[in-house]
Amino acid sequence: MKQKSHSVAIFIADLLIIYASFLSVHIHYNGFVSISLMANILMMCIALAWFFIHLNLSVAHLDIESGLFAILRNILIGYSLLSAGIIFAVSVFGNFSPNNKLILWPLFFSFLLSSGLRFFYFMVVRHLVRSGYQQKLVLIIGDGRVAEKIMKQILSMRGFGYKLFGILADKYHDSLPKELYLGKLERFSEIVRSGNVNEVLIALPLHEKKIIREMVDKCEQEGTRVRIVPDFFRII
């Protein structure tokens, strides 16, 4: 729900940026004269076009896990489609040549401002995530090298929004931090039922099919996301 509200806010901000850019360029070239009916209709068409682009390309969906490059790539594709549509519509229903500055400059400024908005949002959210904001609590199941590798990756990549809640394993060894070791597998149902875990990563050997199936069923029952990490080291 929070991600959806952020997307709506970004979408509205984009519309305000586009409108402000067109209005500023209009004032720069024409002064404070009234805006024509055709220009108002064009702005409504732009808002409608951006709405459909927003729905189909998710240009306002800013997922920090996908990285800044992917976010900027989406906004570039979105504005490219918007620009092509506007230029085509004006060429067919109006006269593009004498009005090219009033169309191309606002689109260029809008792209820069929307990109800057996303860059600022990305940097702020990444800082907040590293500080502990909206991090997903992950529970690791297993005591092998796969589980240990996952543990080290989560502990070293805090900027991706994941925080290690703890580790459940029937066998404890020194490579597992004592403060993160929560006990044996028998505590699994209790911990998942508490609702304190957002995601479960099962890193048990593949021959433990019965235990894995029971854990998956329990997570589905409690509405907790679960992923099974294959025992790659055992297969190799």
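That block above? That's the structure.
The following refers to the structure shown. Note that this is a predicted model, so its numbers are computed, not measured.

1. Focus on the overall build of the protein
Here is step 1 of the chain: Counting its secondary structure elements, the protein contains eight helices and five strands.
Here is step 2 of the chain: In the protein, the order of α-helices and β-strands from amino to carboxyl end is α-α-α-α-β-α-β-β-α-β-α-β-α.
Here is step 3 of the chain: Based on the C-alpha atoms only, the size of the protein along its principal axes is roughly 75 × 35 × 30 Å.
Here is step 4 of the chain: The buried share of the protein, taken over its 236 residues, is 35%.
Here is step 5 of the chain: Once local pairs closer than 6 in sequence are excluded, the contacts in the protein between residues at least 24 apart make up 73%.
Here is step 6 of the chain: By element, 63% of the accessible surface of the protein is carried by carbon and sulfur atoms, the whole surface being about 14300 Å².

2. Brief notes about the sheet that holds strand E2 (residues 162-168)
Here is step 1 of the chain: With respect to topology, five strands assemble into an open sheet ordered E3-E2-E1-E4-E5, the strand pairing being parallel. The strands lining the two open edges of the sheet, one partner per strand, are strand E3 (181-183) and strand E5 (225-228). Shown here is a sheet whose adjacent strand axes are inclined to one another by a mean of 25°, direction ignored.
Here is step 2 of the chain: Summarising the sheet, strand E4 (residues 199-202) and E5 pair through four bridges and their orientation is parallel.

3. Comments concerning the pattern of salt bridges
Here is step 1 of the chain: Taken as a whole and assessed by the stated rule, the structure comprises seven salt bridges.
Here is step 2 of the chain: Across the salt bridge formed by Lys152 and Glu148, the nearest N and O atoms sit 3.3 Å from each other. Here Glu148 and Lys152 lie together in helix H5 (residues 145-156), a separation of four residues that amounts to about one turn.
Here is step 3 of the chain: On the accessibility criterion, Glu148 (19% relative accessible area) is buried.
Here is step 4 of the chain: Here Lys218 ties to Glu222 by a salt bridge, and the two come within 3.2 Å at their closest N and O atoms. In this pair, Lys218 and Glu222 both sit in helix H7 (residues 209-222), four residues apart, roughly one turn of the helix.
Here is step 5 of the chain: Exposure remark for Glu222: the relative accessible area of 31% places this residue in the partly exposed category.
Here is step 6 of the chain: Several salt bridges converge on common partners, so that one network encompasses Glu199, Arg225 and Arg227.

4. Quick notes on the environment of Tyr181
Here is step 1 of the chain: Relative to the helices and strands, Tyr181 is located in strand E3.
Here is step 2 of the chain: For Tyr181, a relative accessible area of 23% gives the class partly exposed.
Here is step 3 of the chain: Once residues lying within four places of it in the same chain are set aside, the contact partners of Tyr181 are Ile167, Ala169, Asp170, Tyr172 and Leu176.

5. Description of the nonpolar core
Here is step 1 of the chain: Counting 23 residues, the largest nonpolar core has Ile18, Ile46, Trp50, Leu82 and Ile86 as the members making the most contacts within it.
Here is step 2 of the chain: Looking at this core, the elements that each hand over two or more residues are helix H1 (2-30), helix H2 (37-57), helix H3 (68-93) and helix H4 (100-130).
Here is step 3 of the chain: The biggest single contributor to this core is H3, with six residues.
Here is step 4 of the chain: Ile46 has contacts with Ile18, Phe22, Leu82 and Ile86, leaving out every residue within four places of it along the chain.

6. Observations concerning the side chain of Ser110
Here is step 1 of the chain: Mapped onto the elements, Ser110 comes out in helix H4.
Here is step 2 of the chain: Here Pro106 takes part through its backbone oxygen, which lies 2.7 Å from a polar atom of the side chain of Ser110.
Here is step 3 of the chain: Setting aside anything within four residues of it in sequence, one finds Ser110 in contact with Ile17, Ile18, Ser21 and Tyr79.

7. What about H7?
Here is step 1 of the chain: Between its terminal C-alpha atoms H7 stretches 20 Å, which fits the 20 Å expected from 14 residues at 1.5 Å a residue.
Here is step 2 of the chain: The inward-facing, buried residues of H7 abut strand E1 (136-141), helix H6 (188-193), E4 and E5.
Here is step 3 of the chain: Gly223, located one to two residues past H7, shows a positive phi value of around 75°.

Reading the values: rules and limits
Residues numbered from 1 in each chain as written. Predicted model: local features only at pLDDT ≥ 70, side-chain atom pairs only at ≥ 80, totals over all residues. Heavy atoms only, no water. Helix = DSSP H or I, 4+ residues; strand = E, 2+ residues; numbered from the N terminus. Buried < 20%, exposed > 50% of the residue type's maximum accessible area, 1.4 Å probe, protein only. Contact = heavy atoms within 4.5 Å. Areas by Shrake-Rupley, 256 points an atom, 1.4 Å probe, with all protein chains shown as cover. Pairing = 2+ DSSP bridges. Axes fitted to C-alpha atoms, helices over the stretch in contact; angles between N-to-C directions. Salt bridge = Lys/Arg side-chain N within 4 Å of Asp/Glu carboxyl O. Core = buried A, V, L, I, M, F, W, Y, C linked by side-chain atoms within 4.5 Å. Polar contact = N/O pair within 3.5 Å; in protein donor to acceptor, adjacent residues only side chain to side chain. Expected span 1.5 Å × (residues − 1).

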